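Read off the chains here:
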Amino acid sequence: MPDDHHGRSTRLDAVVRERGIDAPAGDGSDASASTSRSGPRVARVPEPHVHDTFSVDGIDTKRREALLEAVLRDHEGVSAASATERNGTVGVHHDPSVSRADVQDVLEACGLIVDPADRAFEIRRASQFASARVAVAVLFGLMVATPYIAVLYPTRIEWLFYDPVTVDYLQSLLDSRMSTHFFVNLGSLSGIAFLVACGPMIKRAVASATAGRFTSESVFVGSVVALFGYSTLAAFTAFEGTVHYDLVAYAVVVVTLWNHFGVGEATPDTASVEESAGDGSADAPEEEPVAMTDGGR
């Protein structure tokens, strides 16, 4: 079996062979490997042990995750370790006599590039913010889609509904003063979802526009702003048009999910992170605590 997915031998594989550590079965890409790796890993950590998080570059396969964890656990004074390919973080529980520099030396000996300490926390926090943006996009998207499905869509595709009385009633609601409050809610929800979920993208698009560059993110942000403005004019002025807050919400959800689970999953945005956050280990009722060594998952 090749040492990595490019078929090349790496320094990490050399360290594994030198220490006589058993390599994990498979490369983590098959179903059995992914099943065995699912969920947080639990390890017994002695009470005085401390936890350090490192941001590294070079963990590009599930197999390398497992190899690096095995190397770290083999180091004297280390009780638990976890590497995460998705956001490039490594969590290590170790005896206080083992310094952070000692662990960093082990990582660098494996051919990994280790970022400064604050960078590790920035990446971990950025990953948490990315997950929060996904939650906001999906939740607010559903909150916008529900009234559209219940009220607006039946009036636009009447041929799908067998009860014209119901369609007439829904249309009368849209023609009444109540529609103002209805569209205020839809506009607020879709606008908040766009600003929160696509915040980093909006900042990059503005920066590109200021620098005179034209990017795909600029096109997306400009299109959503134009669609939102058009819908607002149609909802609250005499302008004759169709309110498309639903399309704004759908676009935000699709792009946010794509950035999180598609092309952007391995490179969380850290531009807006200004403060670093520390980690703690979970306590258990027994003498030795149980640590969730998930490396920032």
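Remember, it's a predicted structure, so these values are computed and weren't measured experimentally. (Residues numbered from 1 in each chain as written. Predicted model: local features only at pLDDT ≥ 70, side-chain atom pairs only at ≥ 80, totals over all residues. Heavy atoms only, no water.)

Draft legend 1. Main features of the overall build of the protein chain. In terms of regular secondary structure, the protein chain is built from 10 helices and 6 strands. Pairs at least 24 apart in sequence give 71% of the contacts found in the protein chain among residues at least 6 apart. As presented, the protein chain carries roughly 16,100 Å² of accessible surface, and 59% of it is formed by carbon and sulfur atoms. (Helix = DSSP H or I, 4+ residues; strand = E, 2+ residues; numbered from the N terminus. Contact = heavy atoms within 4.5 Å. Areas by Shrake-Rupley, 256 points an atom, 1.4 Å probe, with all protein chains shown as cover.)

Draft legend 2. Broad picture of the sheet that holds strand β5 (residues 113-114). Strand order across the open sheet formed by 4 strands is β3-β4-β2-β5, with antiparallel pairing between neighbours. Unpaired on one side and paired on the other, β3 (78-84) and β5 mark the two borders of the sheet. Where strand β2 (residues 50-57) meets strand β4 (residues 89-94), 6 bridges bridge the pair, whose relative direction is antiparallel. Its bridge partner being in β4, S55 is matched across the sheet by T89. (Pairing = 2+ DSSP bridges.)

Draft legend 3. Expanded view of the nonpolar core. The biggest cluster of nonpolar side chains holds 31 residues, and the ones touching the most others in it are F183, L186, F194 and F220. Of all the secondary-structure elements, those providing two or more residues to this core are α5 (117-156), α6 (164-175), α7 (178-197), α8 (199-210), α9 (216-236) and α10 (245-261). With 7 residues, the top contributor of residues to this core is α7. Each residue touching F183, except ones within four places of it in the same chain, is listed here: L152, L174, A235, F236, V243 and Y245. Core analysis: the second largest hydrophobic core is formed by 24 residues, A81, V90, V106 and V114 among them. (Core = buried A, V, L, I, M, F, W, Y, C linked by side-chain atoms within 4.5 Å. Buried < 20%, exposed > 50% of the residue type's maximum accessible area, 1.4 Å probe, protein only.)

Draft legend 4. Region of interest: the environment of F194. Considering the arrangement of structural elements, one finds F194 in helix α7. Between the C-alpha atoms of F194 and V253, which are 59 residues apart in sequence, the distance is 8.9 Å. Discounting chain neighbours no more than four positions away, the residues touching F194 are G199, I202, F220, V221, V224, V225 and V252.

Draft legend 5. Representation of the packing of helix α3 (residues 62-74) against helix α4 (residues 100-109) within the structure. Where α3 meets α4, the axes come as close as 11 Å, and the angle between the chain directions of the two elements is 140°. As summarised for this structure, α3 and α4 are arranged oblique, according to the angle between their axes. When the axes of α3 and α4 are compared, the crossing they make is right-handed. Counted together, L68, V71 and L72 of α3 and V103, V106 and L107 of α4 form the full contact between these two elements. A class-by-class count of the residues in the contact of α3 with α4 yields 6 nonpolar, no polar and no charged. (Axes fitted to C-alpha atoms, helices over the stretch in contact; angles between N-to-C directions. Parallel < 35°, antiparallel > 145°, perpendicular 65-115°, else oblique. Left-handed = near helix turned anticlockwise from the far one by under 90°. Nonpolar A, V, L, I, M, F, W, Y, C, P; charged D, E, K, R; others polar.)

Draft legend 6. Broad picture of the pairing of β2. With 2 bridges joining them, β2 and β5 adopt antiparallel strand pairing. Counterpart to V56 in the pairing with β5 is V114.

Draft legend 7. Fine view of the pairing of β4. In terms of residue burial, β4 counts as a mostly covered element, since 6 of its 6 residues are buried. What you see with β4 is no split at all: T89, G91 and H93 on one side and V90, V92 and H94 on the other are buried throughout. Two strands pair when backbone bridges link them, and β3 and β4 are joined in this way by 6 bridges, in the antiparallel orientation. Bridge pairing in β4 links V78 to H94. Where β3 hands over to β4, the hairpin turn is made up of 4 residues, of which G88 adopts a positive phi near 65°.

Draft legend 8. Structural context of the confidence of the model for the protein chain. Summarising the model, the protein chain shows a mean pLDDT of 77, and 73% of its residues fall at 70 or more. The low-confidence segment residues 26-40 (pLDDT under 50) makes 15 contacts with residues lying over four places distant or belonging to another chain. (pLDDT = per-residue confidence, 0-100.)

Draft legend 9. Structural detail: the packing of aromatic side chains. A full pass over the atoms with the stated rule returns 4 aromatic pairs. Aromatic side chains Y148 and Y153 sit 5.6 Å apart centroid to centroid with 50° between the ring planes, which places their arrangement in the tilted category. The class of Y153 is partly exposed, set by a relative accessible area of 22%. A cation over an aromatic ring shows up here: R100 above the ring of F54, its NZ or CZ 4.1 Å from the ring centre. (Phe/Tyr/Trp six-rings, centres within 6.5 Å; stacked < 30°, edge-to-face > 60°. Lys NZ or Arg CZ within 6 Å of the ring centre and 35° of its normal.)

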